[in-house]
Every structure is written in structure tokens, then in C-alpha cells.
Protein chains: 2
Amino acid sequence: MNIIKKIFSKSRSQEDGIFFDTIQKILGFQPVSIDFYKKAFTHRSSNKLDEQGNAINYERLEFLGDAMLSAVIAAHLFNKAPNGDEGYLTKMRSKIVSREHLNELGKDLNLVRFVESKVPVQHFGENIHGNIFESLVGAIYLDRGYAFCEKFIQKRVITPYVDIARLEGKVISYKSLVIEWCQKEKRIFHYDIFEDNGIDGQRLFGVKLSIDDKVIARARATSKKKAEEKASQRAYFAFQEKIDKK
Amino acid sequence: MNIIKKIFSKSRSQEDGIFFDTIQKILGFQPVSIDFYKKAFTHRSSNKLDEQGNAINYERLEFLGDAMLSAVIAAHLFNKAPNGDEGYLTKMRSKIVSREHLNELGKDLNLVRFVESKVPVQHFGENIHGNIFESLVGAIYLDRGYAFCEKFIQKRVITPYVDIARLEGKVISYKSLVIEWCQKEKRIFHYDIFEDNGIDGQRLFGVKLSIDDKVIARARATSKKKAEEKASQRAYFAFQEKIDKK
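Going along each chain's sequence as written, the residues are numbered from 1 onward. Chain letters and ligand numbers both follow the written order, the letters beginning at A and the numbers at 1. Predicted model: local features are reported for residues with pLDDT of at least 70 only, side-chain atom pairs are reported and counted for 80 or more only, and whole-chain, interface and lining totals are derived from all residues. Side-chain measures here rest on the full set of heavy atoms in the structure, leaving out hydrogens and waters.

Draft legend 1. Representation of the overall build of chain A within the structure. Strands are runs of DSSP state E lasting at least 2 residues, helices are runs of H or I lasting at least 4, and numbering of each runs from the N terminus. Across its full length, chain A holds eleven helices and five strands. Across the 246 residues that make up chain A, the buried fraction comes to 46%. Contacts in chain A between residues at least 24 apart in sequence constitute 54% of all its contacts with a sequence separation of at least 6. Classification of residues uses two cut-offs on accessible area relative to the type maximum, computed with a 1.4 Å probe and protein chains only: under 20% is buried, over 50% is exposed, and between them is partly exposed. The contact definition used throughout considers only heavy atoms, calling two residues in contact when any of these lie within 4.5 Å.

Draft legend 2. Representation of the sheet that holds strand E5 (residues 214-221) of chain B within the structure. Residue and element names in this part refer to chain B. Two strands form a pair only when DSSP identifies at least two bridges running between them. Read across the sheet, three strands follow the order E3-E4-E5 without closing on themselves; strand pairing throughout is antiparallel. With partners counted over all chains shown, the strands left at the sheet margins are strand E3 (189-195) and E5, one partner each. Averaged over neighbouring strand pairs, the angle between their axes works out to 20° when direction is ignored. Between the N-to-C directions of two axes lies an angle of 0 to 180 degrees, each axis being a line fitted to C-alpha atoms and, for a helix, fitted only over the stretch in contact.

Draft legend 3. Looking closely at the pairing of E5(B). Residues and elements named next belong to chain B. In the sheet, strand E4 (residues 205-211) pairs with E5 via seven bridges, with the strands oriented antiparallel. Along E5, the bridge assignment pairs Ser210 with Val215. Between E4 and E5, which pair antiparallel in sequence order, lie two residues; one of them, Asp212, sits at a positive phi of approximately 50°.

Draft legend 4. Broad picture of the relation of the copies chain B and chain A. It takes a turn of 180° to lay chain B on chain A, together with a shift of 0.1 Å along the axis; the resulting RMSD is 0.2 Å. Those values place the two copies in the arrangement expected of a two-fold rotation axis. If distances are taken from each C-alpha of chain B to the rotation axis, the shortest is found for B:Ala71, at 3.1 Å. Both copies contact each other with a shared surface, as 100% of the interface residues of chain B are interface residues in chain A too. Only residues with pLDDT of at least 70 in both copies count here: their C-alpha atoms drive the least-squares fit that superposes the copies.

Draft legend 5. Main features of the environment of A:Lys225. Note on placement: A:Lys225 falls in helix H11 (residues 224-245). Residues A:Lys225 and A:Ile193 lie 32 residues apart in sequence; the distance between their C-alpha atoms is 10.0 Å.

Draft legend 6. Structural view of the sheet that holds strand E4 (residues 205-211) of chain A. Residue and element names in this part refer to chain A. What the three strands build is an open sheet, ordered E3-E4-E5; its pairing is antiparallel. Each of the sheet's edge strands pairs with one partner strand only, and the pair in question is strand E3 (189-195) and strand E5 (214-221). Direction aside, the axes of adjacent strands within the sheet are offset by 20° on average.

Draft legend 7. The side chain of A:Lys230, seen in detail. Residues and elements named next belong to chain A. Within the element layout of this structure, Lys230 appears in helix H11. For Lys230, a relative accessible area of 8% translates into the label buried. Residues adjacent in sequence count toward polar contacts only when both atoms are side-chain atoms; beyond that, a polar contact is any pair of N or O atoms within 3.5 Å, and within protein one must be able to donate a hydrogen and the other to accept it. There is a polar contact of 2.6 Å between the side chain of Lys230 and the side chain of Asp108. Reaching out from Lys230, the side chain makes a polar contact with the side chain of Tyr161 at a distance of 3.3 Å. Setting aside chain neighbours within four positions, we find Lys230 in contact with Asp108, Tyr161, Ala219, Arg220 and Ala221.

Draft legend 8. Region of the structure containing the pattern of salt bridges. All names here are of chain B. Basic side-chain nitrogens of Lys or Arg form a salt bridge, by our definition, when they fall within 4 Å of a carboxyl oxygen of Asp or Glu. Per the counting criterion, the structure on display carries 17 salt bridges over all chains. Glu59 is the salt-bridge partner of Arg44, the closest N and O atoms lying 3.1 Å from each other. Of this pair, Arg44 sits in the loop between helix H3 (34-40) and strand E1 (48-49) while Glu59 sits in helix H4 (residues 59-80), and the two are 15 residues apart along the sequence. Taking the shortest distance from any N to any O, the salt bridge between Glu126 and Lys107 comes out at 2.6 Å.

Draft legend 9. Region of the structure containing the interface of chain B and chain A. On the side of chain A, 29 residues touch chain B, which itself brings 29 residues to the contact. Of the roughly 2,500 Å² buried where chain B meets chain A, counting both sides, 64% is carbon and sulfur surface. Broken down residue by residue, the surface that chain B buries against chain A is led by B:Arg60, B:Phe63 and B:Phe78, which jointly contribute 34%. The tally of links between chain B and chain A comes to zero salt bridges. For the interface between chain B and chain A, the tally reads eight residue pairs in polar contact (both at pLDDT 80 or more). Listing elements by their share of the side of chain B that touches chain A, those giving two or more residues are H4, helix H5 (86-96), helix H7 (127-144) and helix H8 (146-161) of chain B. Top contributing element to the side of chain B that touches chain A by residue count: H4(B), with 15 residues. Throughout, the accessible surface (probe 1.4 Å) given up by two parts as they are put together, summed over both, is called the buried area.

Draft legend 10. Quick peek at the confidence of the model for chain A. Within chain A, residue pLDDT values average 86, and 89% of them lie at 70 or more. One number per residue, pLDDT, summarises how confident the predictor is, and it ranges from 0 to 100. Confidence drops under pLDDT 50 across residues 1-7 of chain A; counting only partners more than four residues distant or on other chains, this segment forms one contact.

Draft legend 11. Highlighting the packing of helix H2 (residues 14-27) of chain A against helix H8 (residues 146-161) of chain A. Residues and elements named next belong to chain A. With their axes 9 Å apart at the nearest point, H2 and H8 run at an angle of 75° to one another. Taken together, the axes of H2 and H8 lie roughly perpendicular to each other. Residues Lys25, Ile26 and Leu27 of H2 form the contact with H8, whose participating residues are Phe152, Lys155 and Arg156. Only Asp, Glu, Lys and Arg are considered charged, only Ala, Val, Leu, Ile, Met, Phe, Trp, Tyr, Cys and Pro nonpolar, and every remaining residue, Gly among them, polar. Of the residues that constitute the contact of H2 with H8, the class distribution is three nonpolar, no polar and three charged. Here is the rule for angles: anything less than 35 degrees is roughly parallel, anything more than 145 is roughly antiparallel, 65 through 115 is roughly perpendicular, and the remaining ranges are oblique.

So this is what it looks like as C-alpha cells:
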């Protein structure tokens, strides 16, 4: 097995190797055919064609990824909300797979850094982030099948973001929950905010949330408010888990 | 294994046994938990509740089945139409999973015979057929997972109905193709039509298509025209296979 790995990594160029490793980190498992993932980041402006003359770009993969995402989220909501009716499930899914949310997911993973294009990445609109998030899911389906799409979506969408109370509008702000809790428990909290520019020059904000001088949660997002909210949510769930374990 | 089967069939009532066997025939594989399938045919008018007080009926399963159906059809089209763009794939899928088509699928399997309801089945609108087709797919997902949904949809939707040329509107009528071919080849054809009422009293039409006094294809549908068309399509594909094998 290791010998095969070595042969493969020798025949792969260094650039491919870096791409392979980064994708593997994002996926949380090993890709088998890296070509699917390369396609997932190829913009139509590259004008690439395969041997049969079909265009190589991520647009068809978006269609496939969107379908897999919808199915996985449907199954998740079905199980997590046993008393939600059809209308409720449909509404909750729309919130999770909304254009805005998918753009955020793509941005958080900084997927845009992989895009192969003849147009400068800065010229793309906001939707590029969500589109390549979908095409990445499509590539996972082709490469490893439905169960791995499920695994990836669990790791990158459901665990960090899908919180039914929040989606239902019952929780407006995790930051206010954290502050409330700290005041009640007489704890000292501090949000440490810093600017954090990725390799593509995209402006991002990082937040470290400390309680009693101990860093409890970290987050990165496209605005200070979003980063604070995300760190607060993580802290909230971390504390919830501790409470549950008691 | 056989002993376990016998124990199970003993503990199951006779009615359950018949339901189990019929569902197995429709699925093409063995159900594991028959309760999912019972739920798939339970109408809300039954007013059933589970131990937690959640409604037991097929409406939530419809949502799940619809999502799985969309994903499986998306993957099929992605593979079968390598030069179709995102817009084309979306349009083709809409045709396959249209309300009208799903109703037809449910009707052809006569799924309505299993519906448990306090309202007479005749009082339901047309959509009941498609709705329970979807809920059946949802039950398959819960019982056996995505791969078995794929298997079922391949057997009951894709193989008998999904014909890309037809969906693209390139083939208007299989009946006219059959007639044209018979005239060219100097064969004698005959459509034998008869009324065929199912156990639920639903009016259906059966067609036997003979060529040179040999029955080539049979079909059942809700109108004479549809039944003829379906039998013609089956004959067309049967002949195509023969021609391909030469």
C-alpha cells in the first residue's frame, strides 16, 4: 500500500501533491481520483475540453452536488426533527442550502483559492463561493459515492452550522447567550478580534473568545460580527456538552 | 436463516405476510423493517400517533423520498448525458419527477391498494399516486439506505420510463415508430385492447401488441392511448435490442 502511494506521489507533480493534500484536509478523507476535484474548480473561462469534445468545468458538478446536498440535508432534518411536518422540513432545508449560506460555506473553506480560470478571481461575484462548494460535493459523489458526501456534509455543514433552534429563529444571537451566561456565572469574557488575510488577499476576520483568561473558541469569517457569532456558537456548544456530561 | 424467516413469518399476521410479500415483489429486494413501509401508506386521516405523540402518516416520508428521487435521477442524468449542461440536466430532471409522471408511476404499481385511510380511496385526488410513490422511496431510504433507493428507482423509473430521446421531444410517439417499421418490413401488427379493473375498482386499460401473430409487448395504463404508447415503447426497445445483438 505504501509503495503504491510512493509511486503515485512520484508520478504526481509537486503542485498536484499540494492540491491533493489540501483537498484531503478539507474532505477529512482521502480522494481517490483527483481529476474529479480538479474539474470541480475549473471555471468555464478555461475553455477546456475532454477527448469527446465535452466542456470540462464545474457547472455540471454543481447540479450533481446540489442534488446530493439536498438529499443529505433532507435525511438529517427528517431524523433530527421527528415532529416537524413536510412544510417545516422544506422550510428548514431551504434555509440551510440557501445561496447566501452556501456562499458562506465556500468562503469559510477558502475554496476560491483553487479555482482555475482565465478571469481574475476578484471579478467573480459572490456566488462563486457557493457554486464551487456544490461542485466539490458533486466531485465527492463521483469519486467516493453517497456515503462520503454524507460524511463531508456532516463535517463541514451540519456539525458547524446546522442548529435547528437557530434556524427556527428561537436563538437570535449566540453572542448574547454567552454574555448572559458569563454575567450570571460571574465569569470574565473577552473577544479578541484580528484581521486575517488569506493567500488570495480576501479580507477575513479572526476572533478568539476567552472566558476567565482561557481561550474557549476561535472562528474566522468575512465580517467581525459573523466571526464573533461563530466563536460564540462554538463556545455555547462546548459548554453545553460539558453541562450534559456532568 | 430459513429458521429465522419461519419464526418471523409465524409471529407476523397473515395480512402482514401478504403485505410483506407484495412489497418485496414491488421493491425487487427484501424489506428489513416492514413498519417503514406501513407508514408509507398511512394517510393522515388515520389519526395515528407514535409513543412520543408524533403523527404517523406518509407526509414526512414524501419529503424524504422526493429528495432521494431527485438525487438518484440527477446522478443518472449526469452520467447518461455527458454533453448536457446544467440547464439541460435541470430541465430533464423536472420532466422525470413531474407530478404527472410520479402519479403515473404510482398508478402503474397500483400503490393505492395499500393505503390505510378513514377516507375512501376514491375521494383522493390524482396526486395520491405520486405522493405515495415518493413516500415509498422515503421508506426504502430509512429501511435500506441510499444504494437501495438507487436500485429501486433504476428498476421502477429509469429502466421502464427514462428515455432521453423521448424526454427531449425527439420521439413524439412510439406507436408511430412501430407502425412505420412494420410497414417498411412488411410485418402485420395488431393492438388488442381490453378493460382491466384492479381490485380497487380503478379503471385501467390493457394492451397486447402482436406482430406477425406473436405477442411482442403488453402494457397497462389509465387510458387506451397511454397503454398503446407504453406497449409500443416496450416493443420498440425489444426490437432495438434484437437489432443490436445481430
